[in-house]
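Examination of the molecular architecture
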Amino acid sequence: MWLKPEEVLLKNALKLWVTQKSSCYFILQRRRGHGEGGGRLTGRLVGALDAVLDSNARVAPFRILLQVPGSQVYSPIACGELLSGSDVYWAIATGATLEEINQHWDWLEQNLLHTLSVFDNKDDIASFVKGKVKALIAEETSSRLAEQEEEPEKFREALVKFEARFNFPEAEKLVTYYSCCCWKGRVPRQGWLYLSINHLCFYSFFLGKELKLIVPWVDIQKLERTSNVFLTDTIRITTQNKERDFSMFLNLDEVFKIMEQLADVTLRRLLDNEVFDLDPDLQEPSQITKRDLEARAQNEFFRAFFRLPRQEKLHAVVDCSLWTPFSRCHTAGRMFTSDRYICFASKEDGCCNVILPLREVVSIEKMEDTSLLPNPIIVSIRSKMAFQFIELKDRDNLVESLLMRLKRVHANHPVHYDTSQDEDMSREQIKISLWNDHFVEYGRTVCMFRTEKIRKLVAMGIPESLRGRLWLLFSDAVTDLASHPGYYGNLVEESMGKCCLVTEEIERDLHRSLPEHPAFQNETGIAALRRVLTAYAHRNPKIGYCQSMNILTSVLLLYAKEEEAFWLLVAVCERMLPDYFNHRVIGAQVDQSVFEELIKEHLPELAEHMNDLSALASISLSWFLTLFLSIMPLESAVSVVDCFFYDGIKAIFQLGLAVLEANAEGLCSSKDDGQALMVLSRFLDHIKNEDSPGPSVGSHHAFFSDDQEPYPVTDIADLIRDSYEKFGDQSVEQIEHLRCKHRIRVLQGHEDTTKQNVLRVVTPEVSILPEDLEELYDLFKREHMMSCYWEQLRPVVPRHDPSRPYAEQYRIDALQFTHLFQLVSPWTCGAHTEILAERTFRLLDDNMDHLIEFKAFVSCLDVMYNGEMNEKIKLLYRLHIPPALTENDRDSQSPLKNPLLSTSRPLVFGKSNGDAIDYQKQLKQMIKDLAKEKDKTEKELPKMSQREFIQFCKTLYSMFHEDPEENDLYQAIATVTTLLLQIGEVGQRSSSSGSCSQEGGEELRASALSPEQDSVFADTNTEKIPQGSRTFPEEAGGDWTVSLEHILASLLTEQSLVNFFEKPLDIKSKLENAKTNQYSLKTFEMSRPSQPELKLNNV
């Protein structure tokens, strides 16, 4: 075991210890007197001393010491004791056996030995090793406690540290934690890895330096085990811009499985919610535990191995042995019990598997316990077979729980099962005879013993007369069929006659389904196909109808009755090919990615020649979607479907590899993708089934019928046999692991596609640089994701919907927009910023659905950062009139009832040279010029009331706060405000009189010589204002107003204001700060909801 490092003196130690192994830094020693055959006198004395000592005082026979070269200080890391002398070691590990101490030594060699060379300081080496050993001891202790206690004290301590170090909201649940090293270049940082429901976090405090790392699971693009020049085994996390390596785990396999599970659950929950349904235990992310994840992994393996429905929940896994009459012995394996099944799998892969649906079970009984048959039970089924299980631990509780579930299944689904067999011995007599012999010995129902012998029979080809029935048994569709009497008929009745997009797609494809087969050249076959496809679309609207389902269903109808074909389709779509038939065919893409890796592993020369395997994968996509039915003659392809129903997707993987290997020479010599396609298509078109009793039916794209010379024919039986012999070593567990690994890549690939399409649309319409636009998109998406992480209780933004157009897949609500506005907007107004953000959101929310897209968000920012002064003023103006400014606006009910500033101030200002200028004349000329240049096609904005104008001025005052030119800006805005108030009063008086007033406005109107000038000062009573555009009650005069042109012209009179709005703004510094503060702003808002704002660093 690992020891807390302690000094030991080395003097005279060599008389008691013998060095077994040594390296630059570590020494493995054996205690004299242990493991010696005859032994010398010293060894005998030491051995005798150890033997007579009390057990508590005895010294472990093996130890590991740390030695720093050039120093007298050593460290025993695995075992140690204090000896008298002057030289010092550090004891770090002990072992009672050679095997135990060698495990510690191997771990040190693999994880630490090469690492230590990067340190220049010897003290740093000692500190690093001692720190690592202490962390391993703490992890071992916490692991032992976790086994004994539901919520161990160590975990609570880790949780407190996690919360203190990363300051997440309470909803961020810590799942588990590990001691490890994070590599920064060639330097390792020892610390703690925390795995939570939404994030991977790492914390290190080493040599006075603190390191915090936060990686959201949704940002991880690749998760893999790899090695580098220093370490043989590391976990590599790849995100968009970085790769991070973690190593020196006590149990790397466990860590990697938990990380895979968390990444898979989180990515599918947030990015693949189109068809993904979480297990009930994982529905609430804040309740996920390490035990839940381990149970989910076991559940998924169980359902994949036995190809059971997704809703089937595993209850127990028990070691046992099953009596197998064909081998006349008990076969060791494991029993799996779930809601509706008892399953058995032998420890030797493929030796024997059994699936017992509880609806087939008649009784479950305990037998007498004997020495030959310990703890036996008998499971009897309807076909008069019995299965004997022995060596069952906790047999009583197991039987009790099985009987309860058996009673429930029989109560819910009363059994009406016809066990009569209708065997047709008129065709393929040899095959049928072999199968009948097999039925007698191994069983003929879904409960049959599934052994290597039945796999060989399937590979030879199932007889035509038995094919439909065996497909039902192998897929367990027969259980669904018997459990749901009348279900299909009701679906047909409900769905027929309804017209929608799905039914239109079905009608379009009906006559493209095996058009060359006689069964679908008349209305009878077409009508049956229509009913099955329409009924399934009605049953499962999430899938509805997907191309290639028509071809598959056509073949099912050739060998099964209509209702049986429906349940076979259910089995294929919902559990044998999960996620294949949906909007994005994620499942098929994942398996294509897995297929590429299998090509690299099994056919490296072909993979090396074809640099881009994605081209080959695009060719093979139809192999998976149609199970070779569309690209191989039908009589051959049905043999592939035979293997698929027995072995699942494994059969398609291995057959695909066999096809590529058979054509490796032609593919390696092909010059482009088109030639490669020709090579494969020609080969597949010439695969024949010599045993087929029916006429040959060609494939859908047999376009090489004009061959000048005969092409060699391949027998499908030979190809299938080769596929099993050469590539049949892939287990279900390996395939599921590869699927999990590649699902992350496929989902992130879709995210990248979405991102690139959104940026492609937005980039031409804004002046923000593409790299800045990309960072803005990441901030926008992260804001959406953080709400998904922690705000389940609030009516949040709808989750990511991949079925929507690219630009609408991510949208944010008002609260999320406010957070982003505070982070990246250049218009920061102190406490007023949040109010301005709310008004901006209302302005951008055109369709009033309380959500905005990325394009609207960026367009608004583009005006703030890169717009001309008049565009910025126009945006500010629109933010202070309806719909942006509402009657319920929290800052709109201003206590100011009178004008903001006194209008009695003269409209003449002194200049520095003592001269004076009348700004009234200059202003009128500006307004006249603006009116002439105004675009006649642009919709004129409504004029601003006095109350709205007060809010506009408050925003400007807030924007100028803490600006270097703050005093000049305040003076300038005071001047402009006074000017605009007088303009508004002039308009008010002229509106009240209805004619040219002799008081106060005579001088202004005297110079109004043009129609354009008159239009600017038009009577507000005659102006057409859209209904509902004015929210506030009018002032006492009823018509104090100013227009955008008035405001813009007035602001142009002050150079300091012009400089403020035209100065260049740096968005990059804002983006850097936003990336740093986005999490802290969110957590601050959730922990202190009453606070109006958060003061950010460098904002």
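Residues numbered from 1 in each chain as written. Predicted model: local features only at pLDDT ≥ 70, side-chain atom pairs only at ≥ 80, totals over all residues. Heavy atoms only, no water.

**Thoughts on the environment of Q748**
Following the sequence through the fold, Q748 ends up in helix α25 (residues 732-762). The exposure class assigned to Q748 is buried, which follows from its relative accessible area of 4%. Distance in space between the C-alpha atoms of Q748 and L267 is 8.7 Å, their sequence separation being 481 residues. Discounting chain neighbours no more than four positions away, the residues touching Q748 are W217, V218, D219, I220, Q221 and L267. (Helix = DSSP H or I, 4+ residues; strand = E, 2+ residues; numbered from the N terminus. Buried < 20%, exposed > 50% of the residue type's maximum accessible area, 1.4 Å probe, protein only. Contact = heavy atoms within 4.5 Å.)

**Topic: the pattern of salt bridges**
Summed over the entire model, instances satisfying the criterion amount to 40 salt bridges. One salt bridge in this structure joins D253 and R225, with 2.4 Å as the shortest N-O distance. Pair noted here: D253 is in helix α5 (residues 252-271) and R225 is in strand β11 (residues 222-226), with a separation of 28 residues, a long-range link. A salt bridge links E300 to R296, with the shortest nitrogen-to-oxygen separation between them at 3.1 Å. (Salt bridge = Lys/Arg side-chain N within 4 Å of Asp/Glu carboxyl O.)

**What to know about the pairing of strand β16 (residues 341-346)**
By the criterion of burial, β16 is predominantly enclosed, with six of the six residues buried. Along β16, one buried face is formed by Y341, C343 and A345 and the opposite face, lined by I342, F344 and S346, is buried too. Strand direction decides the pairing type here: strand β15 (residues 329-338) and β16, joined by five bridges, are antiparallel. When the bridges of β16 are listed, R334 appears paired with A345. In this antiparallel pair of consecutive strands, β15 and β16, the connection spans two residues. Where β16 and strand β17 (residues 352-357) come together, five bridges link them in antiparallel fashion. Directly across from F344, in β17, lies its bridge partner V354. (Pairing = 2+ DSSP bridges.)

**Focus on unusual backbone geometry**
Across the junction of P882 and P883, the peptide omega takes the value 5°, indicating a cis bond. Secondary-structure assignment places P883 in the loop between α30 (869-878) and β26 (908-910).

Take it as geometry only, folks, not as evidence of what the structure does.
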